[in-house]
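What follows is each chain in one-letter form.
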Amino acid sequence: MKSKLAFLAVCGCGSFAGGVVADAVFRSPGSATARPPLPPVPAQVSAEFDPQPAALSDRFQATIRKVSPAVVAVDAVKPPQSDPTAKGKPVEESGSGVMVKFPGLRGVVAITNNHVVGAAEPAKVYVTLSDGRIVQPSKIWADAESDITLLHLDDDTLPAIDLADSDRVHRGQWVLAFGSPFGLNQTVTHGIISASDRGQINLGSTIRIKEFLQTDAAINPGSSGGPLVDLDGRVVGINTAIASKSGDNSGVSFSIPANLVKRVAGQLIEKGAVTRGYLGVQLASVLDPAEALRLGLSRVSGALVEIVHPGTPAAAGGLRQGDVILKLEDVALRDENHLINLVSALPPGQKVQLLVWRDRKSQLVAVTVGEYGQKPRPR
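Rules of the game
- Residues numbered from 1 in each chain as written.
- Predicted model: local features only at pLDDT ≥ 70, side-chain atom pairs only at ≥ 80, totals over all residues.
- Heavy atoms only, no water.
- Helix = DSSP H or I, 4+ residues; strand = E, 2+ residues; numbered from the N terminus.
- Buried < 20%, exposed > 50% of the residue type's maximum accessible area, 1.4 Å probe, protein only.
- Areas by Shrake-Rupley, 256 points an atom, 1.4 Å probe, with all protein chains shown as cover.
- Phe/Tyr/Trp six-rings, centres within 6.5 Å; stacked < 30°, edge-to-face > 60°.
- Salt bridge = Lys/Arg side-chain N within 4 Å of Asp/Glu carboxyl O.
- Pairing = 2+ DSSP bridges.
- Contact = heavy atoms within 4.5 Å.
- Expected span 1.5 Å × (residues − 1).
- Axes fitted to C-alpha atoms, helices over the stretch in contact; angles between N-to-C directions.

Enquirer: Would you take a moment to explain the overall build of the protein for this structure?
Expert: When its secondary structure is counted, the protein shows seven helices and 21 strands. Burial statistics for the protein: of 379 residues in total, 45% are counted as buried. Taken as a whole, the protein presents about 20000 Å² of accessible surface, with 54% of it coming from carbon and sulfur.

Take a look at the structure:
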């Protein structure tokens, strides 16, 4: 995985060891002294034995048995023009994926990351199943802006698992990450959901839609596109990035939520491309505390408009440079990425009310959402 994140998360752990010392009383073999019966085990001692670790281990193993057959390794040979550093040579990329079914579509779809497959043609993509068989997709759908690619495998006998409702995922929930880190197929790691709706990370110029789940489950190069699953064996996310300066796992990893995968996949399968709403503004990557106070805001929230592009819905609606967009309809905005995600999900032509902060006071601005989309590229 080629993550270009600009920060490093470091975590440490400690351990301790303890011992229990028991006294033993030895008597002469010839002694006829009767021994009193042993006292019953105190209730508090038996309560100290917690079977939960064993039960959790069993749950992990059951989940692994259910999910593993649907996990695949993905290898792609991308054309030279897909990577400016390739120097005229094809680019080989490896990652992971997971097979799911979609209503009305024959066979299964192996979901992976767009940065794994890129512009590779179906004949240059190789999917290795859990039993070692190699299959190739009959068709490829891709959305670079969300980093999602779908590989259509036209075989109804292949195993598949379900996509979960990722809106029901919460911090602290156990998850398992499957993938092929460093080419080690069918690797499983465990952790918890650390956070949701993470978008303040840099993943390159093509990826605009960022509302990641964050996890501490170990994810390393080669795990891109592998599933993050709950303990019921349902996919809650597609692993896509790590926060690291070394390129290896540091306990902060990011997955595309399953509900975003559903929305993107539905449009890709139906129309061949994803259509999104847009306003036509360039937003500041961060609204820092000093800038918020300078503008008269009491908290760091909202999206700061840096540029309003002419001839766009934003310009027509009267948005201005320096505005801070605080709400879209009745939804309070966390940051610029939150606004991008909400607007992208809106149908073109819909009129929305924006609450903006301008000249140290709030006011409403009405904007009609424009259409932004990529042209289908059949493969």
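The rest of the description comes next.
Enquirer: It is not clear to me how the packing of aromatic side chains should be interpreted in this structure. Could you clarify?
Expert: In this description, a pair of aromatic rings is defined by centroid distance and the angle of the planes. One pass over the full model with this rule turns up three aromatic pairs. On the numbers, 6.1 Å between centres and 55° between planes, the contact of Phe212 with Phe254 is tilted. A residue pair is termed long-range when its members are at least 10 positions apart, and Phe212 in strand β10 (residues 212–215) and Phe254 in strand β13 (residues 253–257) qualify at 42 residues. Summarising the burial analysis for this pair, Phe212 and Phe254 share the class buried.

Enquirer: Is there a simple way to think about unusual backbone geometry in this case?
Expert: Most peptide bonds take the trans configuration, and most residues that are not glycine carry a negative phi. In this structure, Phe182 is a non-glycine residue whose phi angle is positive, near 55°. For Phe182, a relative accessible area of 52% translates into the label exposed. One non-glycine residue, Arg360, lies in the positive phi region at around 65°. Position of Arg360 relative to the elements: it lies in the loop between β19 (351–358) and β20 (361–368). For Arg360, a relative accessible area of 55% puts it in the exposed group.

Enquirer: What am I meant to see in the pattern of salt bridges here?
Expert: Two side chains of opposite charge can pair, provided their charged atoms sit close to one another. Taken as a whole and judged by the stated rule, the model has 14 salt bridges. One salt bridge in this structure joins Glu145 and Arg276, with 3.4 Å as the shortest N-O distance. Residue Glu145 is located in the loop between β6 (139–143) and β7 (148–153), and its partner Arg276 is located in strand β14 (residues 275–278); the two are separated by 131 residues in the primary sequence. Across the pair, exposure class does not vary: Glu145 and Arg276 are buried alike. Its salt-bridge partner being Asp323, residue Arg358 comes within 2.7 Å of it at the nearest N-O pair. Separated by 35 residues along the polypeptide, Arg358 in strand β19 and Asp323 in the loop between α6 (313–317) and β17 (324–328) bring together distant segments of the chain. Both residues of the pair, Arg358 and Asp323, belong to the buried class. It is possible to trace a salt-bridge network through shared partners that takes in Arg59, Asp230, Asp232 and Arg234.

Enquirer: Help me out: how do you make sense of the pairing of β6 in this one?
Expert: Note that β6 and β7 share five bridges and pair antiparallel. In the strand pairing of β7, Ala142 is matched with Thr149. The antiparallel pairing of β6 with β7 creates a hairpin that spans four residues between the two strands, and Asp147 there sits at a positive phi of about 65°.

Enquirer: Just checking my understanding: could you explain the side chain of Ser344 for this structure?
Expert: If you trace the backbone, Ser344 turns up in helix α7 (residues 336–344). Overall, the relative accessible area of 9% leaves Ser344 in the buried class.

Enquirer: Would you mind showing me how to read the environment of Ala76 here?
Expert: As for its position among the elements, Ala76 is in strand β1 (residues 71–78). Remark: the alpha-carbon pair of Ala76 and Glu92, spanning 16 residues in sequence, is separated by 5.8 Å. Ignoring sequence-local partners within four residues, the contact set of Ala76 consists of Val91, Glu92, Glu93, Val116, Val117, Ala120, Lys124 and Val125.

Enquirer: How do you make sense of helix α4 (residues 258–271) when you look at a structure like this?
Expert: Since there are 3.6 residues in each turn of an α-helix, residues three or four apart along the chain are aligned in direction. Spanning 14 residues, α4 covers 20 Å between terminal C-alpha atoms, matching the ideal 20 Å at 1.5 Å per step. Taken together, the buried positions of α4 are occupied by Ala258, Asn259, Leu260, Val261, Val264, Ala265 and Leu268. A positive backbone phi angle near 90° is found at Gly272, which sits one or two residues after α4.

Enquirer: Honestly, the sheet that holds β7 in this entry has me stumped. Any pointers?
Expert: Within a sheet, neighbouring strands are paired by backbone hydrogen bonds and run either parallel or antiparallel to one another. The strand order across the open sheet built from seven strands is β5-β4-β1-β2-β3-β7-β6, with neighbouring strands paired in antiparallel fashion. Two strands in the sheet have a free side with no partner beyond their single neighbour: β5 (134–135) and β6. In this structure, strand β3 (residues 108–113) lies alongside β7, joined through six bridges in antiparallel fashion. Bridge assignment links Val108 to a residue of β7, and that residue is Leu153. α4 contacts β3, β6 and β7 of the sheet and is inclined by roughly 60° relative to β7.

Enquirer: I'm lost on the environment of Ser362 in this one. Help?
Expert: Tracing the backbone shows Ser362 in strand β20. As a C-alpha pair, Ser362 and Ile325 span 37 residues in sequence and 9.3 Å in three-dimensional space. Not counting residues within four places of it along the chain, the set of residues in contact with Ser362 comprises Leu355, Val356 and Trp357.

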